[in-house]
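Single-letter residue listing:
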Amino acid sequence: MAKNIILIGFMGSGKSMIARELGKRLKRDVIATDDLAQAKEGQIIHEIFKSKGEAYFRDLEHDIIKEVSLRQGIIIDCGGGVVLCQENLPHLKSNGIVFYLQATPEVIYERIKNETHRPLLKVPDPLGCIKELYNQRLPLYNQADFTIDANSASIEGPVAEILERIQ
Ligand code: S3P
């Protein structure tokens, strides 16, 4: 059975759109870890953070990663902070190929500045916050099997590169 295709990267790096497109082209199931967290809790991500806190969300995310890593041949769209728990990447890699979608903090900021559902960016200086989190997480994202340039507005380049890599 085919290995899973796993997408990691910062919020706004295009994971969900690219995952959906890969799912269509490869006729594979697409699973978003955030969707599973919301379904399990019956709350949207922002509410989970607000009522139960980030640590609770990270534990939930970790349980979901263990669960989805047991599946085969699927595409997994991971929440941006999935790399924070050091056990998550080994689980994901045990049965899949991990792609880091890299976009600069400036590109990310432009893409998500008008969105309101991202709990970590509800701060007075979102660009500063993105830069700080980005720098903290970069060494973790760099543990992916492949880094894909996701700075372009079009998803075609990243999709084609991922398809080529899994051939
Ligand atoms: C987070 C990213 C979000 C979501 C949560 C935390 C993060 O997912 O899991 O808000 O820590 O970067 P997306 O990357 O899909 O926005």
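Our structure is the block above this text.
Attention in this report is confined to the structure presented alongside it. (Residues numbered from 1 in each chain as written. Predicted model: local features only at pLDDT ≥ 70, side-chain atom pairs only at ≥ 80, totals over all residues. Heavy atoms only, no water.)

One open sheet holds the five strands; their spatial order is β2-β3-β1-β4-β5, and the pairing between them is parallel. Two strands bound the open sheet, and with one partner strand each, they are β2 (30-32) and β5 (146-149). Within the sheet, the average angular offset between the axes of one strand and its neighbour, ignoring direction, is 25°. As paired elements, strand β1 (residues 4-8) and strand β3 (residues 75-77) share three bridges and run parallel to each other. Bridge assignment links Ile 5 to a residue of β3, and that residue is Ile 75. Helix α8 (residues 156-166) contacts β1, β4 (96-102) and β5 of the sheet and is inclined by roughly 155° relative to β5. (Pairing = 2+ DSSP bridges. Helix = DSSP H or I, 4+ residues; strand = E, 2+ residues; numbered from the N terminus. Axes fitted to C-alpha atoms, helices over the stretch in contact; angles between N-to-C directions. Contact = heavy atoms within 4.5 Å.)

The subject of this paragraph is the side chain of Asn 88. Topologically, Asn 88 is positioned in helix α5 (residues 88-93). In contact with Asn 88, other than residues within four places in its own chain, are His 62, Ile 65 and Val 82.

Our focus in this paragraph is the packing of aromatic side chains. Under the counting rule described, the total for this entry stands at four aromatic pairs. Residues Phe 10 and Tyr 134 carry aromatic rings whose centres are separated by 6.4 Å and whose planes lie at 55° to one another, so their mutual orientation is tilted. On the criterion of sequence distance, the pair formed by Phe 10 in the loop between β1 and α1 (15-26) and Tyr 134 in helix α7 (residues 126-141) is long-range, its members being 124 residues apart. For the residue pair Phe 10 and Tyr 134, the accessibility class agrees, reading buried in each case. Judged by centre distance (4.9 Å) and plane angle (40°), the rings of Phe 49 and Phe 57 are tilted. The same class applies to Phe 49 and to Phe 57, which are both buried. (Phe/Tyr/Trp six-rings, centres within 6.5 Å; stacked < 30°, edge-to-face > 60°. Buried < 20%, exposed > 50% of the residue type's maximum accessible area, 1.4 Å probe, protein only.)

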